[in-house]
Amino acid sequence: MSKITKEQYEFALQRIEELLPLVDDNTPTNDRNSIELTLMSDTVIEYEKEHFPIGKPTVAQLIEMSLEDKKMSQKQLAQEIGVSPSRISDYVSGRAEPTLKIARLLCQVLNITPAAMMGC
């Protein structure tokens, strides 16, 4: 597939806005509007992957997001894994990286995959 231009991207975004009210979960996949919506969405996705790549979250971001998801405080996490609350604060702020042992505990307590913790 050739490179998508900014003009094509902007057209696709506008067309998606026009098509969204016409397509819902009950629209057949072979409906013209449904097909066009899929094509326009694919165009937007491809353009955004190239021009607005999303980086992998840092360890600090992973911990922070997981704490929010679990509605857990830094103090509660510190108690769970046996470190001081200030140490958790260091991890969340990015001032310190957890040791392998602590990283393993963070993965278990916060349900973070080891691959994500390792930046994979």
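Scroll up a little and you will see the structure.
Residues numbered from 1 in each chain as written. Predicted model: local features only at pLDDT ≥ 70, side-chain atom pairs only at ≥ 80, totals over all residues. Heavy atoms only, no water.

1. Focus: the pattern of salt bridges
Phase 1: Across all of its chains, the model carries six salt bridges by this definition.
Phase 2: Among the ionic pairs, Glu10 bridges to Lys6, the shortest N-O distance being 3.5 Å. Residue Glu10 and its partner Lys6 are both found in helix α1 (residues 6-19); the two are separated by four residues, about one turn of the helix.
Phase 3: Among the residues examined, Glu10 registers a relative accessible area of 41% and is labelled partly exposed.
Phase 4: Lys6 gets classed as partly exposed once you look at its relative accessible area, which sits at 48%.
Phase 5: Among the ionic contacts, a cluster of salt bridges with common partners joins Arg15, Glu18 and Glu36. (Salt bridge = Lys/Arg side-chain N within 4 Å of Asp/Glu carboxyl O. Helix = DSSP H or I, 4+ residues; strand = E, 2+ residues; numbered from the N terminus. Buried < 20%, exposed > 50% of the residue type's maximum accessible area, 1.4 Å probe, protein only.)

2. Quick word on the side chain of Thr43
Phase 1: Take Thr43: it is sitting in helix α2 (residues 32-51).
Phase 2: Of the residues examined, Thr43 reaches a relative accessible area of 16% and is grouped as buried.
Phase 3: Once residues lying within four places of it in the same chain are set aside, the contact partners of Thr43 are Ile4, Gln8 and Ala12. (Contact = heavy atoms within 4.5 Å.)

3. Section: the packing of α1 against α2
Phase 1: Remark: α1 packs on α2, axes separated minimally by 9 Å, with the N-to-C direction vectors making an angle of 140°. Looking at the two axes, α1 sits oblique to α2. In terms of crossing hand, the pair formed by α1 and α2 is left-handed. Judged by residue contacts, Lys6, Gln8, Tyr9, Phe11, Ala12, Leu13, Arg15, Ile16 and Leu19 of α1 engage Asn33, Glu36, Leu37, Met40, Ser41, Thr43, Val44, Tyr47 and Glu48 from α2.
Phase 2: Residues of the contact of α1 with α2, tallied by class, amount to ten nonpolar, four polar and four charged. (Axes fitted to C-alpha atoms, helices over the stretch in contact; angles between N-to-C directions. Parallel < 35°, antiparallel > 145°, perpendicular 65-115°, else oblique. Left-handed = near helix turned anticlockwise from the far one by under 90°. Nonpolar A, V, L, I, M, F, W, Y, C, P; charged D, E, K, R; others polar.)

Worth remembering: the numbers are spatial, not functional.
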